[in-house]
Amino acid sequence: MANSELSFSVLCIVCIIFASLSYLNPGIKAQQGHEEPYVGVNLGTDVSKLLSPADLVAFLQLQKITHLRLYDADADILKALAKTKIRVIISVPNNQLLAIGSSNTTAATWVGRNVAAYYPQTLITAIAVGDEVLTTIPSSAPLLVPAIESLYSALVAANLHTEIKVSTPCAASIVLDPFPPSQAFFNQSLSSVISQLLQFLSRTKSPMMMNLYPYYVFMQNKGVVPLDNSLFRPLTPSKEMVDPNTLLHYTNVLDAMIDSVYFSMKNLNVTDVVILVTETGWPSKGDSKEPYATIDNADTYNSNLIKHVFDRSGTPLHPEITSSAYLYELFNEDLRSPPVSEANWGLFYGNSTPVYLLHVSGSGTFLANDTTNQTYCIAADGVDTKTMQTALDWACGPGRANCSEIQPGESCYQPNNVKDHASYAFDSYYQKEGKAGGSCDFKGVAMITTSDPSHGSCIFPGSKKLSNKTSQQVVNSTQASGAVTIRFSSLHGTRLSASMGFDIILVVTFCLFYSLLLP
């Protein structure tokens, strides 16, 4: 080979390597400088029989929960979290603001007692200073930024300021005229404090913590804000909310709320602060004045929120930035005062049994809500017969589920309808696939349940009762169900992205074209 050809071949290889490395570097492309988006949970403690700290941490690990927010800095919980991979936000209660905001010494003592005493064995990631201070106790607003600054100075003195952020969770009501988002602005009576807060957050690269509840937006604007938009349900283009000033299309209320905060910050000339959603959720039960606080709506909202975060699609204004979110909340706080919904925001009851089972296809064991490892896959409600029949045909055909028991004369033939037959076939496929993430979806017509669907002599494949019968033979299958998989692991990894592949193709094409010009 001629020297020129050899040199050029080497050049091509080097180009391809550099093109690959630029995309494999987690710091390149989406969300530069930020960790992967995640979903965490809030831990309220107004629970009559709260798990012990040790049992609580074991439960968090069982559920693969990696991010937790506390409303205080409970010493026993922080000790129990030591040497786990669970990252925790601790909080300064509102009633401690006065002392911390008035004394650097008090702030230093607080950091020493509640942060330095546990870090790094316990992975404290942030301090939330108060909770919705600006709107719930506006008289304390002048103390908020001094308290934040004092705590930050204490972290600097302890050399922890680069590892632990300081911010304050704010209510959505600090933003006025939130839709369309481009017209949003902060409450002018609070603008002085908010401006100081944003300058601090910008300087320290800390997030703007926001408690955002589409549930309340929907309840306060019934007839204007559709329920589907509030629950992240798929919309036809005609039902999308359009900002007339930017022409940005909003398919859900949460994205509009997030962008309204971004526009409000921009009005104060702050454009480099990222939003962290410290609270969001939907109640599963309410009184007569809260008819939309239902298990189905809570399940739909939280399941779709999780998918939305891990889809990494950002917002219409900032598609490159996906805000992480903390679900409100882990447990139903049964000691809460009325209305009824106040005690029913949890994913679990205080004894750790699930209030409902999230429908997050492909989530693996993350928030599977299953504490017994007994889960089944059944047909979802409200699906038309034709769509269900298509899914049933796939399960019994290409999916190779064992459908012998739903044939005429067999134990699960009755009741003879598509939904019941589909439930049996779906569970057969789900159990055959080892309950793998995405194996109970069937393009959205299936759901996971912890209730054994067996009835009479019809014993479902996942039932413990099956051990009393002859084990069914199932055929292994490597075919996918066609369900969309939501990945909960890092999306950078070593997989080639579409854009990476395209750029490498360009490099290779250039090399081949240039080689034709060589003598």
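Residues numbered from 1 in each chain as written. Predicted model: local features only at pLDDT ≥ 70, side-chain atom pairs only at ≥ 80, totals over all residues. Heavy atoms only, no water.

Student: Could you give me a rundown of the sheet that holds strand S2 (residues 67-70), with the residues and numbers involved?
Tutor: Sheet strands pair by backbone hydrogen bonding; their relative direction is either parallel or antiparallel. With parallel pairing, the nine strands of this open sheet are ordered in space as S5-S4-S3-S2-S1-S13-S12-S9-S6. Only two strands of the sheet have a single partner each, and these edge strands are strand S5 (165-167) and strand S6 (170-171). Alignment of strand S1 (residues 39-43) against S2, held across three bridges, turns out to be parallel. Each residue of the ladder has a partner; that of Asn 42, found in S2, is Arg 69. Packed on one face of the sheet, helix H5 (residues 104-116) meets strand S3 (87-92) and strand S4 (123-129) and runs near 150° to S3. In this fold helix H12 (residues 295-311) packs onto S1, strand S12 (275-280) and strand S13 (325-327), with an angle of close to 160° to the strand it touches most, S13. (Pairing = 2+ DSSP bridges. Helix = DSSP H or I, 4+ residues; strand = E, 2+ residues; numbered from the N terminus. Contact = heavy atoms within 4.5 Å. Axes fitted to C-alpha atoms, helices over the stretch in contact; angles between N-to-C directions.)

Student: Tell me about the packing of helix H13 (residues 385-396) against helix H14 (residues 418-432), and name the residues and values.
Tutor: In the contact formed by H13 and H14, the axes pass within 9 Å of each other and the chain directions differ by 35°. Pair H13 / H14 crosses with left-handed handedness. Contact residues: H13 offers Thr 385, Met 388, Gln 389, Ala 391, Leu 392, Trp 394, Ala 395 and Cys 396, while H14 offers Val 418, Lys 419, His 421, Ala 422, Ala 425, Phe 426 and Tyr 429. Class assignment for the residues of the contact of H13 with H14 results in eleven nonpolar, three polar and one charged. (Left-handed = near helix turned anticlockwise from the far one by under 90°. Nonpolar A, V, L, I, M, F, W, Y, C, P; charged D, E, K, R; others polar.)

Student: Outline H14, supporting the account with residue identities and numerical values.
Tutor: Helix length check: H14 (15 residues) gives 21 Å between terminal C-alpha atoms against 21 Å at 1.5 Å per residue, within 8%. Within H14, twelve of the 15 residues are buried, which leaves the element mostly enclosed by the surrounding structure. When H14 is considered as a whole, its buried residues turn out to be Val 418, His 421, Ala 422, Ser 423, Tyr 424, Ala 425, Phe 426, Asp 427, Ser 428, Tyr 429, Tyr 430 and Lys 432. On its buried side, H14 packs onto strand S14 (376-379), H13 and strand S15 (446-449). With a side-chain oxygen positioned 3.2 Å from the backbone nitrogen of Lys 419, the residue opening H14 is Asn 417. (Expected span 1.5 Å × (residues − 1). Buried < 20%, exposed > 50% of the residue type's maximum accessible area, 1.4 Å probe, protein only. Polar contact = N/O pair within 3.5 Å; in protein donor to acceptor, adjacent residues only side chain to side chain.)

Student: Give me the state of the cysteines: which residues, what numbers.
Tutor: Under the definition given, this model contains three disulfides. The partner cysteine of Cys 396 in its disulfide is Cys 403, sulfur to sulfur 2.0 Å. In this structure, the disulfide formed by Cys 396 and Cys 403 twists by about -95° around the S-S bond and is classed as left-handed. In this structure Cys 403 comes out as buried when scored by relative accessible area, which is 7%. Here Cys 412 connects covalently by a disulfide to Cys 458, the sulfurs 1.9 Å from one another. Taking the sign of the S-S torsion, about 105° here, the bridge from Cys 412 to Cys 458 comes out right-handed. Of this pair, Cys 412 sits in the loop between H13 and H14 while Cys 458 sits in the loop between S15 and helix H15 (498-517); the two residues are 46 residues apart in sequence, bridging distant segments of the chain. Neither residue differs from the other here; Cys 412 and Cys 458 are each classed as buried. (Disulfide = S-S within 2.5 Å.)

Student: Outline the side chain of Thr 315, supporting the account with residue identities and numerical values.
Tutor: Tracing the backbone through its elements, the reader meets Thr 315 in the loop between H12 and S13. Looking at Thr 315, the relative accessible area reads 5%, which means it is buried. A distance of 2.6 Å separates a polar atom in the side chain of Thr 315 from a polar atom in the side chain of Asp 259. In contact with Thr 315, other than residues within four places in its own chain, are Asp 255, Ile 258, Asp 259 and Ile 321.

Student: Explain H5 residue by residue, including any values.
Tutor: If you check which residues of H5 are buried, you get Ala 107, Trp 110, Val 111, Asn 114 and Val 115. What you see down the axis of H5 is that its buried residues fit within an arc of 100°, all on one side. In H5, the exposed positions that point more than 90 degrees away from the buried face belong to Thr 105 and Arg 113. Contact partners of the buried residues in H5: helix H3 (75-80), S3, helix H4 (97-102), S4 and helix H7 (141-157). Measuring from the side-chain oxygen of the N-cap residue of H5 to the backbone nitrogen of Thr 105 gives 3.3 Å; that N-cap residue is Ser 103. (Arc of directions from axis to C-beta.)

Student: Account for the packing of aromatic side chains, with residues named and values stated.
Tutor: Scanning the model with the defined rule gives 22 aromatic pairs in all. Taking 6.2 Å as the distance between ring centres and 85° as the angle between the ring planes, the aromatic pair formed by Tyr 213 and Tyr 328 counts as edge-to-face. Here Tyr 213, found in the loop between strand S9 (208-211) and helix H9 (214-220), pairs with Tyr 328, found in the loop between S13 and S14; they are 115 residues apart in sequence, far enough to count as distant. Comparing Tyr 213 with Tyr 328, the two get one shared label, buried. With a centroid separation of 5.5 Å and 70° between ring planes, the pair formed by Tyr 429 and Phe 442 is classed as edge-to-face. Taken as a pair, Tyr 429 in helix H14 and Phe 442 in the loop between H14 and S15 lie far apart in primary sequence, 13 residues in all. For Phe 442, a relative accessible area of 4% translates into the label buried. Among the aromatic residues, those joined into a cluster by ring pairs are Tyr 213, Tyr 215, Tyr 216, Phe 218, Phe 232, Trp 282, Tyr 292, Tyr 301, Tyr 328 and Trp 345. (Phe/Tyr/Trp six-rings, centres within 6.5 Å; stacked < 30°, edge-to-face > 60°.)

Student: Which residues make up the pattern of salt bridges, and what values go with them?
Tutor: It is possible for side chains of opposite charge to pair when their charged atoms get near one another. If you walk through the whole model with that rule in mind, you get eleven salt bridges. Residues Glu 36 and Arg 312 are paired through a salt bridge, measuring 2.6 Å at the closest nitrogen-oxygen approach. In this pair, Glu 36 is assigned in the loop between helix H1 (3-24) and S1 and Arg 312 in the loop between H12 and S13, connecting sequence segments 276 residues apart. Judged by relative accessible area, Glu 36 falls into the partly exposed class, the value being 26%. Residue classification places Arg 312 among the buried residues on the basis of a relative accessible area of 16%. The partner of Asp 46 in a salt bridge is Arg 336, and the shortest N-O contact between them spans 3.7 Å. With Asp 46 in the loop between S1 and helix H2 (53-62) and Arg 336 in the loop between S13 and S14, this residue pair connects regions lying 290 residues apart in the sequence. Using a relative accessible area of 33% as the deciding quantity, one classes Asp 46 as partly exposed. (Salt bridge = Lys/Arg side-chain N within 4 Å of Asp/Glu carboxyl O.)

In short, shape yes, function no, at least from these values alone.
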